Amino acid sequence: MTGPLRQIPSAENHHTVKEWLNQHAFEGGCLNNRYLELPFAESETIMAPKTIDTQLHWCFQTAGPHYPLPPFAAVIEDGRLFGRRGIIMTSDHKLLKDVSVQRSSETPDILPRVSYTGGTTAVLTFKFIKNYFHWMLDVLPRILLLRELRLPIDKYVISPQSSYPYLESMHMLGVPKEKIVVSTRKLHLQAQKLIVTSRVSYKEFYPKWSCDFVRNELLAAAEASVQDGTPKTRIYISREGASKRKVTNEAAVMKRLAPYGFHTVRLETMSLKEQIHLFRSADVILAPHGAALTNLIFARPGTKVIELFSPDYVKKYYWVISSHYQLDYYYLIGAGARHTDPLYPNNRFESITVNLNDLDRLLELAELHRANKEGAG
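Just so it is clear, the model here is predicted, and its values are computed rather than measured.

(A) Inspection of the overall build of the protein chain at higher detail. When its secondary structure is counted, the protein chain shows nine helices and 15 strands. Among the 377 residues that make up the protein chain, the fraction classed as buried is 53%. On the protein chain, roughly 17300 Å² of surface is accessible, and the fraction owed to carbon and sulfur atoms is 49%.

(B) Expanded view of the nonpolar core. Among the nonpolar cores identified, the biggest contains 73 residues, and Trp 135, Met 136 and Met 170 are the most heavily contacted of them. At seven residues, helix H5 (residues 208-222) tops the list of elements feeding residues into this core. The residues touching Met 170, leaving out its near neighbours within four places in the chain, are Leu 124, Trp 135, Leu 140, Ile 143, Tyr 156, Ile 158, Val 175 and Ile 180. Counting residues in each nonpolar core, the second largest holds 21 residues, with Tyr 236, Val 253, Ile 306 and Leu 308 among its members.

(C) Quick peek at the packing of aromatic side chains. For the structure shown, the criterion picks out 15 aromatic pairs. Plain terms: the ring middles of Phe 133 and Tyr 206 are 5.2 Å apart, the flat faces sit at 80 degrees to each other, and that makes the pair edge-to-face. Placement of Phe 133 in helix H2 (residues 132-139) and of Tyr 206 in the loop between strand E10 (188-197) and H5 is noted, with a sequence separation of 73 residues between them. Look at Trp 135 and Tyr 166: their rings are 6.2 Å apart centre to centre, the planes differ by 80 degrees, and that puts the pair in the edge-to-face class. Residue Trp 135 is found in helix H2, and its partner Tyr 166 is found in helix H4 (residues 166-172); the two are separated by 31 residues along the sequence. Lying across the ring of Tyr 325, Arg 215 places its NZ or CZ 4.3 Å from the centre.

(D) Just the sheet that holds strand E14 (residues 304-309), in detail. In space, the five strands of this open sheet follow the order E12-E11-E13-E14-E15, with parallel pairing throughout. Edge strands, defined here as strands with exactly one partner in the open sheet, are strand E12 (262-265) and strand E15 (328-333). Sheet twist, expressed as the average angle between the axes of neighbouring strands with direction ignored, equals 20 degrees. Sheet topology note: the strand E13 (residues 282-288)/E14 ladder contains five bridges and is parallel. Paired with Leu 286 across the strands is Ile 306, a residue of E14. The strands touched by helix H9 (residues 356-365) are E12, E13, E14 and E15; relative to E15, the strand with the most contacts, the crossing angle is about 165 degrees.

(E) Main features of the side chain of Ser 210. The topology assignment puts Ser 210 in helix H5. Among the polar contacts listed, one links the side chain of Ser 210 to the backbone oxygen of Pro 207, at a separation of 2.7 Å.

(F) Highlighting the packing of H2 against helix H3 (residues 141-149). At a minimum axis distance of 4 Å, the contact between H2 and H3 shows a crossing angle of 25 degrees. Taken together, the axis directions place H2 and H3 in an arrangement best described as roughly parallel. Within the contact between the two elements, H2 uses Met 136, Leu 137, Asp 138 and Val 139 and H3 uses Pro 141, Arg 142 and Ile 143. Grouping the amino acids of the contact of H2 with H3 by side-chain chemistry returns five nonpolar, no polar and two charged.

(G) Focus on the pattern of salt bridges. Under the criterion given, the structure shown has 13 salt bridges. Among the ionic pairs, Arg 266 bridges to Glu 240, the shortest N-O distance being 3.7 Å. Here Arg 266, found in the loop between E12 and helix H7 (272-281), pairs with Glu 240, found in the loop between strand E11 (233-237) and helix H6 (250-257); they are 26 residues apart in sequence, far enough to count as distant. Through salt bridges that share partners, Lys 50, Lys 304 and Asp 328 make up one connected network.

(H) Molecular detail of helix H8 (residues 317-324). Among the eight residues in H8, eight count as buried, and that is most of the element. Buried residues along H8 sit against H2, H5, E14 and E15. One or two steps after H8, the chain reaches Gln 326, where phi turns positive at roughly 55 degrees.

(I) Geometry of H2. In terms of burial, H2 is largely enclosed, as eight of its eight residues are buried. Every buried residue of H2 is accounted for by Tyr 132, Phe 133, His 134, Trp 135, Met 136, Leu 137, Asp 138 and Val 139. Here H2 starts with a cap whose side-chain oxygen sits 3.0 Å from the backbone nitrogen of Phe 133, and that cap is Asn 131.

(J) Examining the packing of H6 against H9 more closely. Packing of H6 against H9 brings their axes to within 11 Å, and their N-to-C directions diverge by 35 degrees. You can see that H6 and H9 cross each other, and the crossing is right-handed. Contacts between H6 and H9 involve Ala 252, Val 253, Arg 256 and Leu 257 on the former and, on the latter, Leu 356, Asn 357, Leu 359, Asp 360 and Leu 363. Of the residues contributing to the contact of H6 with H9, the split by class is six nonpolar, one polar and two charged.

(K) Spatial organisation of the side chain of Thr 121. Within the secondary structure layout, Thr 121 lies in strand E7 (residues 115-124). The class of Thr 121 is buried, set by a relative accessible area of 3%. Excluding its chain neighbours within four sequence positions, the residues that come into contact with Thr 121 are Lys 155, Val 157, Ala 191, Lys 193, Leu 194 and Ile 195.

(L) The pairing of E7, seen in detail. Two elements, E7 and E10, share six bridges in a ladder whose sense is parallel. If you follow Ser 115 over to E10, its bridge partner there is Leu 189. Note: E7 against strand E8 (residues 155-158), four bridges, orientation parallel. In the sheet register, Leu 124 faces E8, and the bridge partner there is Ile 158.

Calculation criteria
Residues numbered from 1 in each chain as written. Predicted model: local features only at pLDDT ≥ 70, side-chain atom pairs only at ≥ 80, totals over all residues. Heavy atoms only, no water. Helix = DSSP H or I, 4+ residues; strand = E, 2+ residues; numbered from the N terminus. Buried < 20%, exposed > 50% of the residue type's maximum accessible area, 1.4 Å probe, protein only. Areas by Shrake-Rupley, 256 points an atom, 1.4 Å probe, with all protein chains shown as cover. Core = buried A, V, L, I, M, F, W, Y, C linked by side-chain atoms within 4.5 Å. Contact = heavy atoms within 4.5 Å. Phe/Tyr/Trp six-rings, centres within 6.5 Å; stacked < 30°, edge-to-face > 60°. Lys NZ or Arg CZ within 6 Å of the ring centre and 35° of its normal. Pairing = 2+ DSSP bridges. Axes fitted to C-alpha atoms, helices over the stretch in contact; angles between N-to-C directions. Polar contact = N/O pair within 3.5 Å; in protein donor to acceptor, adjacent residues only side chain to side chain. Parallel < 35°, antiparallel > 145°, perpendicular 65-115°, else oblique. Nonpolar A, V, L, I, M, F, W, Y, C, P; charged D, E, K, R; others polar. Salt bridge = Lys/Arg side-chain N within 4 Å of Asp/Glu carboxyl O. Left-handed = near helix turned anticlockwise from the far one by under 90°.

So, in structure tokens, the structure goes:
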């Protein structure tokens, strides 16, 4: 007969971390040294984006966000972790729904045999594995939440990574490689103390405290100060090496941008420190929507940002980040029919075709002047 440690808890066993701690862990609901809410909840006013369109896209017609719940970190005595994205269970077989990511395609009926580990293990698994943006802004800010508990941590469990410099970022935040455990589909462990944290974002908005933590820590580690007289750059970020959301007429776009002094970069060829220095020195950043724009958190106030979208995949992430840091944000939607229904299922794989005349008009709106007369398209 299979014991409860080999089975995923049923739906009626779902609880939040705070509920479980109050109901099961400590008499009288004593959460001291076990559950810490942090006063980072904030309301924000987001600066209006700029565009050549006569009306803002519906995605940007949103008031500043309010984050309804404060972030938290919690200690689960003898807590259990399963899978690549992180299903969190308690010693009495309760599934903690607010810190778990459960996908039916990855969840077997019977779990592998559990392995036990002493000491303290922190959970940094997440939903959108192998994505640079979500690693930087869904995962790394949670290290601040872990720090607030002021407990020594023996191991950090992270989800499987892609080719971006995740080890470099962890090292810059003081987490050595030997403390990192990469989760797998069959990982099932129980720790003496399992530390979990809340999610960071709320409805595509990422609070300024979370961006500030990553920005300040990594800028300091990269020694990315900008001195007076540092050359300023205008960069176009190519998605040529991406599997989706490419610019179909990129050669024509680059030719049109050349007289304005833009040069093309591919961030997948650069270290994290190199990317930080690049964005820190740029005065204009133009790019199709994609994870490369995560690095806007390192840009200086006043930097002009121009984001390119396909008609059916417009997102507010980088508009919000630009507002956090007083960046001058513009957007341009590519050629093609546009849906006006906010409930329309966006196509995140859709390519972008840039109307070159519209690009000229947006560059004029941004008051960008040609550096020379050559290369005009």
